[in-house]
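Architecture at a glance
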Amino acid sequence: MARKCSVERAQNKAGGFAKAKKRITIQYQGRERLEENLLHLIKKAILEQGVKDEDIMEVDVYVKPEEQAVFYVVNKEISGQIGF
């Protein structure tokens, strides 16, 4: 019987942080926003701009709470912002 390669063994052992449920909350001056909420609002804004969901390949997000804004760039072409 062949020995499993180390990559397969590592994938089988992966647990802990790699598989843990994660929640990111951004806090600033008494306000807080969940990452998933911000991503939902960004997706809504992108779709309202006429971009089809299946055309979204990459989304870069920049959170600037001091400006009360979240900036995004979709597919390195379309940019916009939502309120923090």
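The structure this text deals with has already been given above.
So, on to the overall build of the protein. Helix and strand content of the protein: two helices and five strands. Moving toward the C terminus, one meets the helices and strands of the protein in the order α-β-β-α-β-β-β. Within the span of the protein, comprising 84 residues, buried residues form 14% of the whole. Once local pairs closer than 6 in sequence are excluded, the contacts in the protein between residues at least 24 apart make up 27%. Summed over its atoms, the accessible surface of the protein is roughly 6,800 Å², and 50% of this surface lies on carbon and sulfur atoms.

Summed over all chains, the structure comprises zero aromatic pairs. The side chain of K22 reaches across the aromatic face of F17, ending 5.0 Å from its centre. If you follow R33 out to its NZ or CZ, it ends over the ring of F84, 5.5 Å from the centre.

Moving on: the pattern of salt bridges. What the rule picks out here adds up to two salt bridges. The salt bridge partner of E67 is K64, with a shortest N-O separation of 2.8 Å. On the basis of relative accessible area, K64 is assigned to the partly exposed category, the value being 30%.

What follows concerns the nonpolar core. Counting residues in each nonpolar core, the largest one holds ten residues, listed as L38, I42, A45, I46, V51, V70, Y72, V74, I82 and F84. Put simply, the parts of the chain that give this core at least two residues each are α2 (35-48) and β4 (69-74). Of the residues forming this core, the biggest block, four residues, is contributed by α2.

On the surface, a nonpolar cluster with roughly 250 Å² of combined accessible area is contributed by L39, V59, V61 and V63. The element that contributes the greatest number of residues to the nonpolar patch is strand β3 (residues 59-64), accounting for three residues. As for its position among the elements, V63 is in strand β3.

Definitions and cut-offs
Residues numbered from 1 in each chain as written. Predicted model: local features only at pLDDT ≥ 70, side-chain atom pairs only at ≥ 80, totals over all residues. Heavy atoms only, no water. Helix = DSSP H or I, 4+ residues; strand = E, 2+ residues; numbered from the N terminus. Buried < 20%, exposed > 50% of the residue type's maximum accessible area, 1.4 Å probe, protein only. Contact = heavy atoms within 4.5 Å. Areas by Shrake-Rupley, 256 points an atom, 1.4 Å probe, with all protein chains shown as cover. Phe/Tyr/Trp six-rings, centres within 6.5 Å; stacked < 30°, edge-to-face > 60°. Lys NZ or Arg CZ within 6 Å of the ring centre and 35° of its normal. Salt bridge = Lys/Arg side-chain N within 4 Å of Asp/Glu carboxyl O. Core = buried A, V, L, I, M, F, W, Y, C linked by side-chain atoms within 4.5 Å. Patch = residues over 30% accessible without salt bridge, like charges linked within 9 Å, V, L, I, M, F, W, Y side chains within 5 Å.

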